[in-house]
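Coordinates in review
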Amino acid sequence: MSGARRRRSLTGYYLLLPGMLWLLLFFAVPTIQLGATSLYDQNGSLDTGYAMTWSFGNYIDALSDYRAPFLRSLLYATSATVLALLLAYPLAYAIAFKAGRWKNLMLVLVIAPFFTSFLVRTLAWKSILSDNGFVVSTLQALHILAPDGRLLATCVAVITGLTYNFLPFMVLPLYASLEKIDLRLIEAGKDLYANGFTAFRKITLPLSMPGVVAGTLLTFIPAAGDYINTKLLGTPAQNMIGNVIDNLFLVQLNYPIAAACSVILMVVIVLMVLVYVRRAGTEELV
Amino acid sequence: MSDESTRRVDAGADLTLTSVTKRFGTFAAVDDLDLVVEQGRFFALLGPSGCGKTTTLRMVAGLEEPTSGIITIGGSDITRLKPYKRPVNTVFQNYALFPHLDIEENVAFGLRRRGVKDVKKQVDDMLELVELGSFGKRRPAQLSGGQQQRVALARALINRPRVLLLDEPLGALDLKLRRQMQIELKRIQTEVGITFVHVTHDQEEAMTMADTIAVMNKGVIEQMGPPTELYDRPATTFVSNFLGQSNLVRAEVIARHGDEIVVDASGNKLGAPADRARRTQGTVWVGVRPEKVFLATAESEPQDGSNLLRSGVVSDVSFIGVSTQYLVRMPWGQELTVFEQNSGAREPFTVGANVDLHWLRAHTFLLDAQQDVHAGDQTYAELVTGAPV
């Protein structure tokens, strides 16, 4: 009897085992390795090997040398997240409440870009935003852009690319939480003297907060660490911290500073997420 | 006191529906409905699912727009008014409490939207009325079904609507709690004096609470009146079967003696008061409620003022505690139902016993034989379609 119960209570742990082993091997070990590398002596090299000197100064070097890319990353990622939210919310709302029999087709269309590679899609934006493309010429004709103005190789192009690439990650959680909302709650709101807009503000929006939180996190986190969009749509002047880390690891071979930058990015993101989730206060809704 | 009484007068005003029709495609959910609900009434719209009662309620709430017709409250036309502009509030079927707000904010929702001051005091009073004074800071999910139901009621009532609409408000509660809430709802309605329009498919619930019941079927009102009136003098076979049970026996009208109609049912002469006859000539259904019928051993003496059907054979006996339910097979093949109190006056009959059926002529009603004998009979419908109705 007690043996059977013990066996049953252990089943959960057995089920966790493969996943835990995987995470241990490919997440925990590399993270510790990354942390260790960030404290190595900067004077070492791949050939001579690195010495563990607990060089916390690496972090000061990383922050002072690369403050601009750090801030730019946070700024670009925030802008892209806000833009994606503004674009995705009406879209998800329409799919959830107004699409009727087109619902599934529209969801497929949201996911459809994943059928082609991330790189190819970003390259496509390169031609869309190119200097002689229709977007630039239209904007120039409308005098929104100066005659010699351009989009490519500016922060506009990078933020556009980030917004585009992570939009589905915003749409899907928003759709999932909007779709769950009981329409009778909105009817109840209208019955209790809320007009359409107030009912949205007081009922639909708060109830969709879990989707907003999940969507913004799924957009902000990868966007903050992205380097492809700057590489393909921007210039070194738009370098984000991802580009810096990429460069430090693969070109300059400065492993300790590269690792320090990575750890800082990780810590900053985790802290921001903690504060954000705490402030959004959605625990009891999820 | 005077403040209380003026408030009671202001609290409601007649709700009228004039030739209201609602079509979904070609299907008329509500068909040319005329209805007047006097202010301060506890009014029940009773009918099986799909009869149009909820659609009617939603049109009054403004959540559904009538295809044609006019709805007024206290003389002013509200037919095309947005729901949030109507002096009407609803208690929804599954309560529809806002899960992200605590009980206080749920109840305060309507007042806040109208910019009312001193919300806190009113919310406290209202929670006190529904006996949930200490639950203000909880979330709806932390409350039981019965408590949620009372919050839904408080949330609607606090706005002092002219008409309170209740859409199967007790449907999700278990039987015991439902009985308790029926009494509670009636108490609250008497206390606040607001017109209640209550939609239900539960005939017992409607009869317990309402002053006036309208029985709806297929988008039209079959009959409207006080519960006793509907029960004792059903106008149609649907009402006679839907509200309680009825025995309906086919007969021919053969004579009229003053206030009494005499009919012939398979050779038995039966009488019924003329004012309980919906049809006074030709073929009719002779109706009597099962609990009005007494069983006697075969060859019993006829009684004055009583109808008598002879040569029945008991085909089924079910003991239900307070009463025993008999099925009696008549010579023409029909099975009649008889409920007998278990008063212990005599030994219960057993299957196969030969019995006579007696009942007072005053308890007899006559219906149009053109109408379907099984209309509104829920157990029969279940038997035929194989699905609960």
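An account of the accompanying structure is given in this report.

Procedures and definitions
Residues numbered from 1 in each chain as written. Chains lettered and ligands numbered in written order. Predicted model: local features only at pLDDT ≥ 70, side-chain atom pairs only at ≥ 80, totals over all residues. Heavy atoms only, no water. Buried < 20%, exposed > 50% of the residue type's maximum accessible area, 1.4 Å probe, protein only. Pairing = 2+ DSSP bridges. Helix = DSSP H or I, 4+ residues; strand = E, 2+ residues; numbered from the N terminus. Axes fitted to C-alpha atoms, helices over the stretch in contact; angles between N-to-C directions. Phe/Tyr/Trp six-rings, centres within 6.5 Å; stacked < 30°, edge-to-face > 60°. Patch = residues over 30% accessible without salt bridge, like charges linked within 9 Å, V, L, I, M, F, W, Y side chains within 5 Å. Areas by Shrake-Rupley, 256 points an atom, 1.4 Å probe, with all protein chains shown as cover. Salt bridge = Lys/Arg side-chain N within 4 Å of Asp/Glu carboxyl O. Parallel < 35°, antiparallel > 145°, perpendicular 65-115°, else oblique. Left-handed = near helix turned anticlockwise from the far one by under 90°. Contact = heavy atoms within 4.5 Å. Nonpolar A, V, L, I, M, F, W, Y, C, P; charged D, E, K, R; others polar.

Right, let's talk about unusual backbone geometry for a bit. Residue and element names in this part refer to chain B. The phi dihedral of serine 19 is positive, around 35°, even though this residue is not glycine. Positive phi values are uncommon outside glycine, yet arginine 160 reaches one of about 45°. Given the relative accessible area of 36%, arginine 160 is considered partly exposed.

Here the focus is the sheet that holds strand β10 (residues 220–225) of chain B. Residues and elements named next belong to chain B. If you trace the six strands from one edge of the open sheet to the other, you get β6-β7-β8-β3-β9-β10, paired in mixed fashion. In this open sheet, the two strands that pair with only one neighbour each are β6 (88–91) and β10. Shown here is a sheet whose adjacent strand axes are inclined to one another by a mean of 20°, direction ignored.

Summed over all chains, the structure comprises 14 aromatic pairs over all chains. A ring pair is formed by tyrosine 89 of chain A and phenylalanine 200 of chain A, whose centres lie 5.8 Å apart and whose planes are at 90°; its orientation type is edge-to-face. You can see tyrosine 89 of chain A sitting in helix α3 (residues 67–98) and its partner phenylalanine 200 of chain A sitting in helix α9 (residues 196–207), a full 111 residues away along the chain. Phenylalanine 200 of chain A gets classed as partly exposed once you look at its relative accessible area, which sits at 25%. The interplanar angle of 45° and the centroid separation of 4.6 Å between the aromatic rings of phenylalanine 98 of chain B and phenylalanine 109 of chain B together place this pair among those described as tilted. Taken together, the positions of phenylalanine 98 of chain B in the loop between β6 and α3 (103–113) and phenylalanine 109 of chain B in helix α3 put the pair eleven residues apart, joining distant regions of the chain.

The next thing to look at is a nonpolar patch on the surface. A surface patch of nonpolar side chains, amounting to about 950 Å² of accessible area, comprises Leu10, Tyr13, Tyr14, Leu16, Leu17, Met20, Leu21, Leu24 and Val29 of chain A. Residue placement: methionine 20 of chain A occurs in helix α1 (residues 2–37).

What follows is about the pattern of salt bridges. Residue and element names in this part refer to chain B. Inspection of the entire model under this criterion finds 28 salt bridges over all chains. For lysine 53, the salt bridge is made with glutamate 168, and the minimal N-O distance between the two is 3.7 Å. With lysine 53 in helix α2 (residues 53–61) and glutamate 168 in the loop between β7 (163–167) and α6 (175–192), this residue pair connects regions lying 115 residues apart in the sequence. Note that lysine 137 is salt-bridged to glutamate 104, the shortest N-O span being 3.0 Å. With lysine 137 in the loop between α4 (119–129) and α5 (145–157) and glutamate 104 in helix α3, this pair connects stretches of sequence that are 33 residues apart. Judged by its relative accessible area of 63%, lysine 137 is exposed. Its relative accessible area of 13% is what places glutamate 104 among the buried residues.

Before going further, it helps to spend a moment on the pairing of β7 of chain B. Residue and element names in this part refer to chain B. β7 sits mainly inside the fold: five of its five residues count as buried. Burial of the side chains of β7 extends over both faces: Val163, Leu165 and Asp167 are buried on one face and Leu164 and Leu166 on the other. Bridge analysis of β6 against β7 gives four bridges, and the strand direction is parallel. Following the sheet pairing, threonine 90 is matched in β7 by leucine 165. Both β7 and strand β8 (residues 195–200) contribute to a ladder of five bridges, which runs parallel. By the bridge assignment, valine 163 is partnered in β8 with threonine 195.

All names here are of chain A. At a minimum axis separation of 8 Å, helix α12 (residues 241–250) and helix α13 (residues 255–280) run at an interaxial angle of 155°. One element, α12, and the other, α13, form an angle in the roughly antiparallel class. Remark: the crossing between α12 and α13 carries left-handed chirality. Contact residues: α12 offers Ile241, Ile245, Leu248 and Phe249, while α13 offers Tyr255, Ile257, Ala258, Ala259, Cys261, Ser262 and Leu265. Within the contact of α12 with α13, the residues separate by chemical class into ten nonpolar, one polar and no charged.

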